[in-house]
Amino acid sequence: TTSPELTGMNAPDPAGGATNIARWRRDVPEPDGDELEEQLDGRARGLVDPGQAPQWLRPVLNRALQGPLPGLILRTALKKQSGNRQSAVLMLLAEGESGPDILLTQRASGMRTHSGQPACPGGTLDPGEDSVMAALREGEEETGLVQSSVTPMVLMPRLYLPASEFVIQPVLAHWHTPGPVRAVSPAETASVARVPIADLASPDNRVQVRFRSYVGAGFQVAGMTVWGFTAALLDSLLDLGEWAQPWDHSRVIDLPASAG
C-alpha cells in the first residue's frame, strides 16, 4: 500500500525540456580547497534552484542541502587521501506510474568486483571528467538513458569506502523525461529496473542483510536483494524524503560467501 506521503505526486515539472549538459560542465566546477573540506564534513552542494524541481522532489533537495545528511553520510568514514580512485554514482529519481521511483541496475554475475550486486549506475571517473559527467556517462553506458533527459540537482558529499579505497560521490538527479532503459552490455549489467520509492519504504520489503562480518539494512525489491553501499544510500534517501516507515530489524537474511 502506498503511504500518504507518496500520493498526489503528479505535479507538472516546471523545468521540462532538454537539459543543457554543457552548462553543468561549465558553470559547476569540481570543488577544491575549503569547499572540498565542507563536503568531507558531510555537506551537499546544489547545482540548481530546488524550485526548478517538481513539487514532490523539492523537500528531498532542500533537506539534502541543509545538511548534515542522514544515515550513510553520518556513519561513513570520510577521508581525503591522494591516490584513491574517484568515482560517481547516479541517484536518478523520476515520477512513475506508482509515484516517485529510482533507477537501479544489477551487476552481471561475471564481474570482477561486486558481481551480481544491485547498484545505482556509476563507475570510476575518466580523465578530464567531473562527478556529474561520469555519473551521466555511466548511466548512458549501463542503461541506455538519454543524458539530456536528466537534470543533475545536488552533488552529495564524497564518501570514502575503506574496503575498496574508492571515493564515491553520489549525484542526485531528476529524470524529467524518462525513456526506455535496458541492460546495454549483458557482460556488465544483468538487469535494469525503476524501483518505486513506495516499494523501498514498505516494511514488507525491509530486511537486515548479513554477509560475513557485515550486517546492515537491506531491501528486497524488483527480484533483487539490495545491500551494502547502495542500500545505505537508499536508506538515507528515504530519510531525506521523509518516506521511511518503521520496519522489523529482527528480520535477518544471510548472503552466500559468493555474494561479494
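As a convention, each chain's residues are numbered from 1 in the sequence order in which they are written. Note on the predicted model: pLDDT of at least 70 is required for a residue's local features to be given, and 80 or more for side-chain atom pairs to be given and counted; whole-chain, interface and lining totals, by contrast, use all residues. As a rule here, side-chain values cover all heavy atoms of the structure and leave hydrogens and water aside.

Enquirer: Just checking my understanding: could you explain the pairing of strand β11 (residues 214-221) for this structure?
Expert: The side chains of a regular strand alternate, first on one face of the sheet and then on the other. Strands were regarded as paired on the criterion that DSSP finds at least two bridges between them. By definition, any uninterrupted DSSP run of H or I lasting at least four residues is a helix, any uninterrupted run of E lasting at least two residues is a strand, and each is numbered from the N terminus. Examined bridge by bridge, strand β10 (residues 206-211) and β11 share 6 bridges and lie antiparallel to one another. Counterpart to glutamine 208 in the pairing with β11 is alanine 217. The turn joining β10 and β11, which pair antiparallel and follow one another in sequence, is formed by 2 residues; a positive phi near 55° is taken by arginine 212. Bridge analysis of β11 against strand β12 (residues 224-226) gives 3 bridges, and the strand direction is antiparallel. Directly across from valine 221, in β12, lies its bridge partner methionine 224. A loop of 2 residues connects β11 with β12, the two strands running antiparallel in sequence, and alanine 222 in this loop sits at a positive phi of about 50°.

Enquirer: Would you take a moment to explain the confidence of the model for the protein chain for this structure?
Expert: Regions with low pLDDT should not have their predicted coordinates read in detail. Residue-level confidence of the predictor is summarised by pLDDT, bounded by 0 at the bottom and 100 at the top. Looking at the protein chain as a whole, the pLDDT averages 80, with 73% of positions reaching at least 70. Summarising per-element confidence for the protein chain, the mean pLDDT is lowest in helix α1 (residues 21-27) (34) and highest in helix α6 (residues 197-201) (98). What makes two residues a contact is simply this: any of their non-hydrogen atoms within 4.5 Å. Low confidence marks residues 1-40, where pLDDT is under 50. Its contacts with residues over four positions away, or in another chain, come to 80 contacts.

Enquirer: I keep staring at the side chain of serine 149 and nothing clicks. Help me out?
Expert: Within the element layout of this structure, serine 149 appears in the loop between α5 (131-143) and β6 (150-155). Type-normalised accessible area, obtained with a 1.4 Å probe on protein chains alone, sets the label of each residue: buried when under 20%, exposed when over 50%, and partly exposed for intermediate values. By relative accessible area, which is 6% here, serine 149 ends up buried.

Enquirer: Can you walk me through the nonpolar core in this structure?
Expert: Across soluble globular proteins, nonpolar side chains have a tendency to be buried as a group. Buried Ala, Val, Leu, Ile, Met, Phe, Trp, Tyr and Cys residues form a nonpolar core when they are joined through side-chain atoms within 4.5 Å. Within the largest apolar cluster, 38 residues are counted, with the highest numbers of intra-cluster contacts made by Ile102 and Leu200. With 6 residues, the top contributor of residues to this core is helix α7 (residues 228-240). Once residues within four sequence positions are removed from consideration, isoleucine 102 is found in contact with Met91, Leu92, Leu93, Ala193, Arg194, Val195, Ile197, Leu200, Leu234 and Leu237.

Enquirer: Any chance you could explain the pattern of salt bridges here in plain terms?
Expert: Pairing is possible between side chains that carry opposite charge, provided their charged atoms lie close to one another. Just to be clear on terms, a salt bridge is a Lys or Arg side-chain nitrogen sitting within 4 Å of an Asp or Glu carboxyl oxygen. Tallied over the entire structure, the rule returns 8 salt bridges. Arginine 137 serves as the salt-bridge partner of aspartate 126, at 3.4 Å between the closest nitrogen and oxygen. You can see aspartate 126 sitting in the loop between β5 (122-124) and α5 and its partner arginine 137 sitting in helix α5, a full 11 residues away along the chain. Between arginine 206 and aspartate 235 there is a salt bridge, with its nearest N and O atoms 3.1 Å apart. Note that arginine 206 is positioned in strand β10 and aspartate 235 in helix α7, a separation of 29 residues in sequence. When salt bridges that share partners are traced, they join Asp126, Glu129, Arg137, Glu138 and Glu141 into one network.

Enquirer: Honestly, the packing of aromatic side chains in this entry has me stumped. Any pointers?
Expert: Geometry of an aromatic ring pair is reported as the spacing of the ring centres plus the angle between the planes. Note on aromatic contacts: the rings of Phe and Tyr and the six-membered ring of Trp form a pair at centre separations within 6.5 Å, being stacked when their planes are under 30 degrees apart, edge-to-face when over 60 apart, and tilted otherwise. Under the counting rule described, the total for this entry stands at 2 aromatic pairs. Judged by centre distance (5.7 Å) and plane angle (55°), the rings of tyrosine 214 and tryptophan 227 are tilted. Taken as a pair, tyrosine 214 in strand β11 and tryptophan 227 in the loop between β12 and α7 lie far apart in primary sequence, 13 residues in all. On the accessibility criterion, tryptophan 227 (9% relative accessible area) is buried.

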